[in-house]
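Residues per chain are reported as follows:
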Amino acid sequence: MATITEAPPTPPPARTERRRITARPAAWIVWGVVVFFFLNLLGVVASVLVSSFGQRWFDTWLPDGYTTSWYGRAWEEFALLRVIVVTLEVSVLVVGLSLLIGVPAAYVLARRSFPGKRLIFLVFLLPILMPPITYGIPLATVLYKFGLAGNMSGVVLANLVPSVPFVILTMTPFIEQIDPRVESAARMCGAGLRTVFLRVLAPLLVPGILASAILVLVRTVGMFELTFLTAGPDSQTLVVALYYSMSASGIRAQQSVDAMAVIYTSMMLVLLVVALRYVNPTQLVARVKDEPEH
C-alpha cells in the first residue's frame, strides 16, 4: 500500500513590527525651529516672486492678475544690462587677479619653511573670518585718499582683500599633496622654475584652481559691504544697485524692485549650482593618488 504523507503545515506569516520614530523633546524642538525657519524663508522668497509677476496686490492672498511687464520695466528703469556687465567685469577681474597672486603665494607657503609662517596663515584668515564691514571702512578711507575708490579699480582692489587669502588657503593643501619629487625630476631634466610651474604643476592643480575660481566668483557677486563702500555711480554691481533701488528717494513700483531682486537671486542660484557641480563642499582638497610601484 502506498503511504500518503501530509505536507507540513505552513507557518503563519510573521508580524512586521512598525518602527516608531522616537526622539528626545530637545530634538523635536530643534527640528521644529529648523522647519519654522525654512518655512519663513520660503514664504519670503515666494512672496517676492509672486509680487514680481503681480499686477496689483492689496489686502488679498494673491494678486488680482499676473504679468511679466515688471521685468521689462526693471530692466530699463535700473539699467540692468549695464549693471550686469559691470558685475561680470568686476568678478572676472577679481577672479583673475586673485588666482594670479594667490596661486604662486600658496606655492611658496606650501613648499618653503620660514619663521613666522603660522603668523602669515593667521593674517590670511582674518579677512575671511572677520565681517567685511570691520575692515571695509578703513580700507575705503585709504582708497578714497589715494583716489582709487569711486570707480571699478577701487571695487576690484577692495574685493581682492578677502579673495586672495581665500585662494591661498584653498590652494595650499592642493600643492602640499603633490609629491615634490615630481618637480625635482623635472628640474633634473633641465626644466626651469617657470616651466615646472606651468607644465608640471598647473595640470595637477586644475581641480584646485577651478574650485578657487568658482568660489571667488560666487563670493564677489554676493559681496555687498566692500563693493558698497568703494563703488561709484558707474561701478555698482547688481547687489549694490538692488540696495539703491530700494533705498533711493522717489516713487517706484514695488513689483519692479521685486523683479530686480528675482533677477539677482536667479543669478546667484545659477552660480551656486555651477559651484556645486564642480566643487565638492565637503572636501575641497583634491587627493593625488600615488602611482603603484613596479
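Predicted model, so just to flag it, every value in this text is computed and none were measured.

Caption draft 1: Focus on the packing of aromatic side chains. Under the definition given, this model contains 7 aromatic pairs. Seen in terms of ring centroids, F228 and Y243 are 5.3 Å apart; in terms of plane orientation they differ by 80 degrees. Their pairing is edge-to-face. With F228 in helix α10 (residues 225-230) and Y243 in helix α11 (residues 238-247), this pair connects stretches of sequence that are 15 residues apart. An aromatic cluster is built from F224, F228, Y243 and Y244, whose rings are joined through pairwise contacts.

Caption draft 2: Examining the pattern of salt bridges more closely. Considering all chains together, one arrives at 1 salt bridge under this definition. Residues R181 and D179 are paired through a salt bridge, measuring 2.7 Å at the closest nitrogen-oxygen approach.

Caption draft 3: Structural context of the confidence of the model for the protein. Looking at the protein as a whole, its pLDDT mean stands at 82, while 85% of the residues score no less than 70. Long-range and interchain partners of residues 283-294, a stretch whose pLDDT sits below 50, account for 12 contacts in this model, where long-range means more than four residues apart.

Caption draft 4: Here's a closer look at the nonpolar core. Judged by nonpolar contacts, the single largest core of 27 residues is most densely connected at M171 and L205. Elements that contribute at least two residues to this core include exactly α3 (80-111), α6 (152-176) and α9 (206-222). Look past the residues within four positions of M171 in its chain and what remains in contact with it is V103, A106, L205, G208, I209 and S212. With 25 residues, the next largest nonpolar core counts Y71, V218, V239 and L242 among its residues.

Caption draft 5: Looking closely at the side chain of S91. Considering the arrangement of structural elements, one finds S91 in helix α3. For S91, a relative accessible area of 2% translates into the label buried. The residues touching S91, leaving out its near neighbours within four places in the chain, are L217, T220 and V221.

About the thresholds
- Residues numbered from 1 in each chain as written.
- Predicted model: local features only at pLDDT ≥ 70, side-chain atom pairs only at ≥ 80, totals over all residues.
- Heavy atoms only, no water.
- Phe/Tyr/Trp six-rings, centres within 6.5 Å; stacked < 30°, edge-to-face > 60°.
- Helix = DSSP H or I, 4+ residues; strand = E, 2+ residues; numbered from the N terminus.
- Salt bridge = Lys/Arg side-chain N within 4 Å of Asp/Glu carboxyl O.
- pLDDT = per-residue confidence, 0-100.
- Contact = heavy atoms within 4.5 Å.
- Core = buried A, V, L, I, M, F, W, Y, C linked by side-chain atoms within 4.5 Å.
- Buried < 20%, exposed > 50% of the residue type's maximum accessible area, 1.4 Å probe, protein only.

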